[in-house]
Amino acid sequence: MDREDRTTHFGFRDVPLADKQTLVNDVFHSVAQRYDLMNDLMSGGLHRVWKNAMITTLNPPRNNAPFSLLDVAGGTGDIAFRAAKTAGSGFQATVCDINPDMLAVGRERAIKQHRDHQVSFVEGNAETLAFTDRGFDAYTIAFGIRNVPRIDAALREAFRVLKPGGRFLCLEFSTVDVPGLDKIYDLFSFKVIPPLGRAVTGDADSYRYLVESIRKFPKPDAFADMIRDAGFARVSWQALSGGIVALHSGWRL
Ligand SMILES: C[S@@+](CC[C@H](N)C(=O)[O-])C[C@H]1O[C@@H](n2cnc3c(N)ncnc32)[C@H](O)[C@@H]1O
């Protein structure tokens, strides 16, 4: 076993691989109630634009044709609700997340938005999904995969649960590739986000982790290779907002 098998990165700290999930769970436990507000503040509302780009690409049927979405690391259900709003009556979403606090906020939202018949919430780990093979038309994961300790395992599971012809979409923070914007982005990430996190959620460390984990995530081409290695075909990606975020796509053929 080499060092990378035994340790992983938690922010810029190396921690035993087995401990990363516990640390990640603490982060989302502490921010769950204010997670949606923080998303707006941290991204200046841009997360809505990025998520809408994912839904546009997903393009769920607008009619009553059955379409089942699995949204993994779905947290408070943002992707599922956005998809449900544009989709027709045949749309069903399952939000799967490892953190019961995030799911509880999502369930409340579903009831308030009268979407509880269409969007359901299930506790589970992206690395070991408790769903049968070939059950879903689409798998989405937004701002979640970099938190999963064994990304390759999560990608293999995504492939397993998709129907042939099913689509994988992943939205994740990426590498800013516009000169000038990279400096502003660094300053904002390290000097603004942690204090903002402390002011709103009382927890600067969690937001420091979120910022640092973005820097550790594989570059878009390397991540596309990982998606191919899991079995997906026609893998592609597009940079959004100068590379702050990347949207990766693949198909189970
Ligand atoms: C930044 S949030 C994203 C939530 C939602 N997708 C969104 O875009 O608003 C990351 C989510 O990943 C979840 N998560 C972390 N590790 C996970 C794992 N191994 N399996 C499933 N979910 C996980 C966290 O609990 C958290 O809800």
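Use the structure listed above.
Residues numbered from 1 in each chain as written. Predicted model: local features only at pLDDT ≥ 70, side-chain atom pairs only at ≥ 80, totals over all residues. Heavy atoms only, no water.

Visitor: So what about the site of the ligand? Which residues, and what values?
Guide: The environment of the ligand is made up of 20 residues, and the closest members are Q21, A73, D97, A126 and A142. At 3.3 Å from a nitrogen atom of the ligand is found a main-chain nitrogen or oxygen belonging to I98. Here the ligand, which alone exposes 600 Å², has 99% of that area covered by the protein. Spatially, the ligand is embedded in the largest pocket. Mapped by element, the contributors of at least two residues to the shell around the ligand are α2 (17-31) and α3 (35-43). If one sorts the elements of the shell around the ligand by residue count, α2 sits on top with three residues. Broken down by class, the residue content of the shell around the ligand amounts to ten nonpolar, eight polar and two charged. (Near = heavy atom within 4 Å. Polar contact = N/O pair within 3.5 Å; in protein donor to acceptor, adjacent residues only side chain to side chain. Areas by Shrake-Rupley, 256 points an atom, 1.4 Å probe, with all protein chains shown as cover. 1 Å grid on protein atoms, 1.4 Å probe; cavity = no way out; pocket = protein on both sides within 12 Å on 5 of 7 lines; lining within 4 Å. Sits in = over half its atoms within 2 Å of the grid points. Helix = DSSP H or I, 4+ residues; strand = E, 2+ residues; numbered from the N terminus. Nonpolar A, V, L, I, M, F, W, Y, C, P; charged D, E, K, R; others polar.)

Visitor: Kindly report on the environment of D71, identifying the contributing residues and their values.
Guide: Here D71 lies in strand β3 (residues 67-72). Residues D71 and V95, 24 residues apart in the sequence, show an inter-C-alpha distance of 4.8 Å. Those residues within four positions of D71 in sequence are excluded, and the remaining contacts are I79, A80, T94, V95, C96, T140 and I141. (Contact = heavy atoms within 4.5 Å.)

Visitor: I'd love a proper account of the sheet that holds strand β4 (residues 91-97), names of residues and values included.
Guide: With mixed pairing, seven strands are arranged side by side in an open sheet as β5-β4-β3-β6-β7-β9-β8. Every other strand in the sheet has two partners, leaving β5 (119-123) and β8 (233-240) as the edge strands with one partner each. Going across the sheet, the axis of each strand differs from the next one's by a mean of 15 degrees, ignoring polarity. Both β3 and strand β6 (residues 136-142) contribute to a ladder of four bridges, which runs parallel. Looking at the pairing, L70 lines up with Y139 of β6. With respect to the sheet, helix α7 (residues 151-161) is in contact with β3, β6 and β7 (162-173), its orientation differing from that of β7 by roughly 145 degrees. Most of the contacts of helix α10 (residues 220-229) go to β8, to which it runs at about 155 degrees, and overall it touches β7, β8 and β9 (245-251). (Pairing = 2+ DSSP bridges. Axes fitted to C-alpha atoms, helices over the stretch in contact; angles between N-to-C directions.)

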